Amino acid sequence: MRTCICVRLFLVIATTIFVGELLAAPDEPTRWYVAVDGNDENDGSEKRPFASLERARLALRDWIAQGGSGDVEVLIGAGHFELSDTLVFSPADSAPPGATITYVARPNAPATLSGGVRVLNWQKSGDVWEADTKLQGLHRSLFIGDERPTRAREPDEGFFRVAQAGADQRTRFQFDSAEWPNPTFEPAMELVFLHDWSTSRVAVREVNAGANEIVLSDPIGANHDFFRIDGFEPNPRYFLEHARAFIDEPLEWFHDQDAGKLILKLAVDDSPDRHSITIPRLECLIKIVGEPNKPVRGLRFRGLRFADTSCPIPSGGCAEVQASFFQRRKSADAPNLVGDPNAETGNLRLPAAIMLEFASECAIDGCTLRRFGGGGIYLGRECYENRIENCQLSDIGGCGIMIGETSTRTSADGNNHDCAKNVVARNRISNCGTILYGSVGVWIGIARDTQVNDNEIHHLPYTGVSVGWCWDATPTGCAGNQIVGNHIHHVMNTLSDGGGIYTLGRQPGTILKSNRIHDVLLNAGRADSNGIFMDEGSSQIEVCENTIFNIARSPIRFHKALENKLSRNQLFTAPGVEPFTYNSTDPANITFVENEVRERNPD
């Protein structure tokens, strides 16, 4: 009996010690599980995972409403998840106070969230392949694996040149018959027209072969006079896209809306069965949308792959103004389209794969984002202290990352409600602007205290980093942004009048520091392209300790800029090229301190 009592006493003491150690250890997060072979009728445990992130979101919402607390992880297994709808997170999906909710790929388990559908059941038809698709709308993107095949175009590479603009300068022009000796017309044909720093995409109404004339359904360019056909140069560049007759090379494709078919040309010895072929269906994969004074807080996405979004351009066409913003037009699908008094701008912009509004302390970390028709990640209205880190963004139709708005938001009591204290760090951003060439790698509009640090930004048709959105020195909410330690190279590859870094407007406290900018070599339009271009109203900006080399024009250019300080920059110029160019800028406005200019590029 005494032995039994002693054993019981020992077990009680041992259990007490074990429980004490367990309670002293750091709390483990609550975990839910999602797997491609799961079931949304399951309980979300590791053995009985959900099948969708939407089901996990709803389960978490119930758990939070019932008083759940502490950090949460939603572990997502390997596989390809085709989203049927955009995942929308509201304030009810916020993390518990002081905690985070992390949607994360399981270790060594690549998980892709796709807004597209796989195209199957291809049939050979002559020298092309055809597949049925029930998707509505005009599609501008198709993906074969991680490649974007060419939407059937003429010419196959490069551009045509306008021979002569029509009388109205907007809706018709003559083409060069030597460039296009066998003109054709199809109702779905689209013109892609290049301005200095932007793109127009409009439908073709008629091709008059006898007069060598192209007639458009909608005007080229936004309202400003310089967007007319020959507003920047007398013979601007263009190409024609999306006609079945243009399919003459492998990896060209066409979407026949009337027949509901995709037509794809492959090499003679190739077959669609050897590839994963995806057409985007969703415009947006994830929306995190809070409310004024009630943001969505504490959501994180880590180690995931996001892919396959569409490019919804209205039927009235797209006249890009700058940085993937385009003119709001009435059209057949939007006959009463007018400015929204609650919107930030009179212009439209491409939607992004991941969009945040009224969000704080959210993060996108270590993710891969690619194959998008629209933009990558947009932090819109009243986004505070969010982070985009360690991600790879590539093959994106619009801008890679956008932060802020195009106007300053101030409440009745005078408080500023612009985006603030967001971080973009250690990302690799490339090949943006595949649909709208005027898109940029990282765009900061009206925003405060943004940090864009230690990113590599490269191979873009236009600017690497753009900061500010006001064409004079009027005070705005843009201030204190830091563009530091970035490697920006091989930008301005298609358009002109931009640079590795581009600034606009009065920005007290903004710093461009320790950036390495190089290989800005093409000047295809009228205006120069530069390492740093400080455009209209740029003022109260400090530019220091940057290294700029292998630039075809001046490493730094000013246009209607005001007071700025440049110190300890290293500028390497091409023979006969000045280190600075002043367009309508008084050099006396610029303070220069210990800048070094050389004619030989660094080793």
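The rules behind each value
- Residues numbered from 1 in each chain as written.
- Predicted model: local features only at pLDDT ≥ 70, side-chain atom pairs only at ≥ 80, totals over all residues.
- Heavy atoms only, no water.
- Helix = DSSP H or I, 4+ residues; strand = E, 2+ residues; numbered from the N terminus.
- Rg over C-alpha atoms; globule rule 2.2 N^0.38 Å.
- Buried < 20%, exposed > 50% of the residue type's maximum accessible area, 1.4 Å probe, protein only.
- Areas by Shrake-Rupley, 256 points an atom, 1.4 Å probe, with all protein chains shown as cover.
- pLDDT = per-residue confidence, 0-100.
- Contact = heavy atoms within 4.5 Å.
- Expected span 1.5 Å × (residues − 1).
- Arc of directions from axis to C-beta.
- Disulfide = S-S within 2.5 Å.
- Salt bridge = Lys/Arg side-chain N within 4 Å of Asp/Glu carboxyl O.
- Core = buried A, V, L, I, M, F, W, Y, C linked by side-chain atoms within 4.5 Å.
- Phe/Tyr/Trp six-rings, centres within 6.5 Å; stacked < 30°, edge-to-face > 60°.
- Lys NZ or Arg CZ within 6 Å of the ring centre and 35° of its normal.
- Pairing = 2+ DSSP bridges.
- Polar contact = N/O pair within 3.5 Å; in protein donor to acceptor, adjacent residues only side chain to side chain.

Quick look at the overall build of the protein
Counting its regular elements, the protein contains 2 helices and 58 strands. Taking 603 residues into account, the globule formula puts the C-alpha radius of gyration at 25 Å, and the protein, at 27 Å, falls close to it. Over its C-alpha atoms, taken along the principal directions, the protein stretches across nearly 110 × 70 × 55 Å. When burial is assessed residue by residue, the protein has 55% of its 603 residues classed as buried. When the accessible area of the protein is evaluated, it comes to approximately 25100 Å², of which 48% is carbon and sulfur surface.

With respect to the confidence of the model for the protein
In this model, the protein carries an average pLDDT of 91, and 93% of its residues clear a pLDDT of 70 or more. Low pLDDT, under 50, characterises residues 1–26; the stretch is placed with 0 contacts to residues that sit more than four places away or in other chains. Segment residues 335–343: pLDDT under 50, and 12 contacts once partners within four positions in sequence are set aside and those in other chains are kept.

Observations concerning helix α2 (residues 53–65)
For α2, spanning 13 residues, the distance from its first C-alpha to its last is 18 Å, which sits close to the expected 18 Å at 1.5 Å a residue. Buried within α2 we find L53, A56, R57, A59, L60, W63 and I64. Buried residues along α2 cover an arc of 165 degrees about the axis, so they all sit on one side. Here the buried face of α2 lies against β1 (30–34), β2 (72–76), β4 (87–89), β5 (101–105) and β6 (111–114).

Some remarks on the side chain of S496
Locating S496 in the fold gives a position in the loop between β46 (487–489) and β47 (499–503). Judged by its relative accessible area of 0%, S496 falls in the buried class. Sequence-distant contacts of S496, that is, excluding residues within four places in its chain, are made with D196, W197, Y462, A524, G525, R526, A527, D528 and S529.

Re the environment of P219
Mapped onto the elements of the fold, P219 is located in the loop between β17 (213–216) and β18 (237–241). The contact partners of P219, leaving out residues within four places of it in the chain, are R170, T171, V202 and R329.

Here's the deal with the state of the cysteines
Applying the stated criterion to the full structure yields 0 disulfides. Here C419 is not disulfide-linked; the sulfur of C383 is the nearest cysteine sulfur, at 4.8 Å.

Some thoughts on the pattern of salt bridges
Applying the stated criterion across every chain, the model contains 35 salt bridges. Here R371 makes a salt bridge to D308, at a shortest N to O gap of 2.8 Å. Residue R371 is found in strand β32 (residues 368–372), and its partner D308 is found in strand β25 (residues 305–309); the two are separated by 63 residues along the sequence. Each member of the pair, R371 together with D308, is buried. In the salt-bridge network here, residues are joined through shared partners; they are R140, R151, E190, R201 and E241.

Notes on the nonpolar core
In this structure, Y103, F301, L304, F306 and I377 are the most contacted members of the largest nonpolar core, which totals 115 residues. Here this core gets 6 residues from one element, more than from any other, and that element is α2. Sequence-distant contacts of Y103, that is, excluding residues within four places in its chain, are made with L53, R57, L60, V74, I76, F89, R300, F301, R302 and L304. Judged by nonpolar contacts, the second largest core, of 25 residues, contains M189, I214, I220 and I229.

What about the packing of aromatic side chains?
By the definition in use, this model includes 24 aromatic pairs. Both rings, one in F173 and one in Y238, keep their centres 4.9 Å apart while their planes meet at 65 degrees; by these two values the pair is edge-to-face. One end of the pair, F173, is in strand β14 (residues 172–175); the other, Y238, is in strand β18, with 65 residues separating them in the sequence. Aromatic rings pair up to connect F160, F173, F175, W180 and Y238 into one cluster. One Lys or Arg, R371, reaches over the ring of F143 and ends 5.9 Å from the middle of that ring.

Some details on the pairing of strand β24 (residues 299–302)
With burial as the criterion, only one face of β24 is covered, namely that bearing L299 and F301; the residues R300 and R302 on the opposite face remain uncovered. Of the strand pairs in this sheet, β5 and β24 are connected by 4 bridges, and their pairing is parallel. Bridge assignment links T102 to a residue of β24, and that residue is R300. Alignment of β24 against strand β31 (residues 363–365), held across 3 bridges, turns out to be parallel. Residue F301 lies in a different strand from β31, and its bridge partner there is I364.

A closer look at the sheet that holds strand β19 (residues 252–256)
Strand order in the open sheet formed by 5 strands is β8-β9-β20-β19-β11, with mixed pairing between adjacent strands. Of all the strands in the sheet, the pair left with one neighbour each is β8 (123–125) and β11 (150–151).

A look at unusual backbone geometry
Between E154 and the following residue, P155, the backbone shows a cis peptide bond with an omega angle of 0 degrees. Within the secondary structure, P155 is located in the loop between β12 (153–154) and β13 (160–165). Of note in this structure, N212 is not a glycine but carries a positive phi near 55 degrees. We note that D454 has phi near 60 degrees; this positive angle belongs to a residue other than glycine. Mapped onto the secondary structure, D454 falls in the loop between β42 (451–453) and β43 (456–458).

With respect to the sheet that holds strand β7 (residues 116–118)
With antiparallel pairing, the 3 strands of this open sheet are ordered in space as β7-β21-β10. Taken across any chain shown, the strands that pair with only one partner, and hence form the sheet edges, are β7 and β10 (143–144). Taken together, the 3 bridges between β7 and strand β21 (residues 277–280) define a ladder with antiparallel strand orientation. Its bridge partner lying in β21, V117 is registered against I279.

Side note on the side chain of N386
With respect to the helices, strands and loops of the structure, N386 is situated in the loop between β33 (375–379) and β34 (387–389). In this structure N386 comes out as buried when scored by relative accessible area, which is 2%. Side-chain polar atoms of N386 contact the backbone nitrogen of E361, separated by 3.3 Å. In contact with N386, other than residues within four places in its own chain, are L356, A359, S360, E361, C362, L379, K421, N422 and V423.

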